[in-house]
Amino acid sequence: MKHKLTKQDIKEIQEELDYRISVQKQLEEQSQALSDALNAAEEANKAKTAFLSNMSHEIRTPMNAIIGFTNIASAHIDDKARVEDALEKIRTSSDHLLSLINDILDMSRIESGKMVINKEEFSFSKMLEQVNTIIGGQCNDKGLTYDCRLKGKIDDYYIGDAMKLK
């Protein structure tokens, strides 16, 4: 015996199909949203890992300079000029290290894209001297030759963020 569908039966079946299609679309949209969120989280994690790896290297540079110049000062304690020079280089490296640590501790500012680039006058030659002190000291400790040469005209002062340039 065949059962004949009534208009009401067909309407109910159609409503059930429409409901199931709607639920399926919602599930597909949620699945896509979750997939997108997972991809974004993985990219953010890669960026954070790269940042921390970079910062680890950046922190070691001034820290090695501080240790190296402390050793130089200790080894030449009777040479006032040499100790004063080493202490100045330790101060410069310490300032740089503190700035790096502050940037790391303020990770939320970096992650939100709100890192502030200072716009202040700075002496390019002094900034370069500080960079050369840090890099030169490390190279010297490893028996490497480091030489920095400027080509062209360089102004005495610039506007920018000397610490981030370093």
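Look up a bit, the structure's there.
Residues numbered from 1 in each chain as written. Predicted model: local features only at pLDDT ≥ 70, side-chain atom pairs only at ≥ 80, totals over all residues. Heavy atoms only, no water.

For the structure shown, the criterion picks out 2 aromatic pairs. Ring centres of Phe 122 and Tyr 158 lie 6.5 Å apart, and the angle between their planes is 35 degrees; on these two criteria the pair is classed as tilted. In this pair, Phe 122 sits in strand S1 (residues 120–123) while Tyr 158 sits in strand S2 (residues 157–160), placing the two residues 36 residues apart along the sequence. Overall, Phe 122 belongs to the buried group, its relative accessible area being 9%. Accessibility expressed as a relative area gives 30% for Tyr 158, which makes it partly exposed. These aromatic residues form a ring-pair network of at least three members: Phe 122, Phe 124 and Tyr 158. (Phe/Tyr/Trp six-rings, centres within 6.5 Å; stacked < 30°, edge-to-face > 60°. Helix = DSSP H or I, 4+ residues; strand = E, 2+ residues; numbered from the N terminus. Buried < 20%, exposed > 50% of the residue type's maximum accessible area, 1.4 Å probe, protein only.)

Here the focus is the nonpolar core. Ranked by size, the top nonpolar core spans 9 residues in total: Ala 65, Ile 66, Phe 69, Ala 73, Val 83, Ala 86, Ile 90, Leu 97 and Ile 134. At the level of secondary structure, the elements contributing two or more residues to this core comprise helix H1 (7–75) and helix H2 (80–105). Those residues within four positions of Ile 90 in sequence are excluded, and the remaining contacts are Ile 66, Phe 69 and Thr 70. (Core = buried A, V, L, I, M, F, W, Y, C linked by side-chain atoms within 4.5 Å. Contact = heavy atoms within 4.5 Å.)

Another point: H2. Compared with an ideal rise of 1.5 Å per residue, which puts 26 residues at 38 Å, H2 spans 37 Å between its outermost C-alpha atoms and is within 8% of the ideal. Among the residues of H2, those classed as buried are Val 83, Ala 86, Ile 90, Thr 92, Ser 93, His 96, Leu 97, Ser 99, Leu 100 and Asp 103. (Expected span 1.5 Å × (residues − 1).)

Here we take up H1. Taking 1.5 Å of rise per residue, 69 residues should cover 102 Å, and H1 covers 101 Å from first to last C-alpha, within 8% of that figure. Along H1, the positions that sit buried rather than exposed are Phe 51, Met 55, Thr 61, Pro 62, Ala 65, Ile 66, Gly 68, Phe 69 and Ala 73.

Where H1 contacts helix H4 (residues 124–141), the axes come no closer than 9 Å and their chain directions differ by 70 degrees. With respect to each other, H1 and H4 are oriented roughly perpendicular. Of the two elements, H1 crosses H4, and the hand of that crossing is left-handed. Note on element contacts: H4 touches H1 through Thr 133, Ile 134, Ile 135, Gly 137, Gln 138 and Asp 141, opposite Arg 60, Thr 61, Pro 62, Asn 64, Ala 65, Gly 68 and Phe 69. Looking at the contact of H1 with H4 residue by residue, the classes come out as 5 nonpolar, 6 polar and 2 charged. (Axes fitted to C-alpha atoms, helices over the stretch in contact; angles between N-to-C directions. Parallel < 35°, antiparallel > 145°, perpendicular 65-115°, else oblique. Left-handed = near helix turned anticlockwise from the far one by under 90°. Nonpolar A, V, L, I, M, F, W, Y, C, P; charged D, E, K, R; others polar.)

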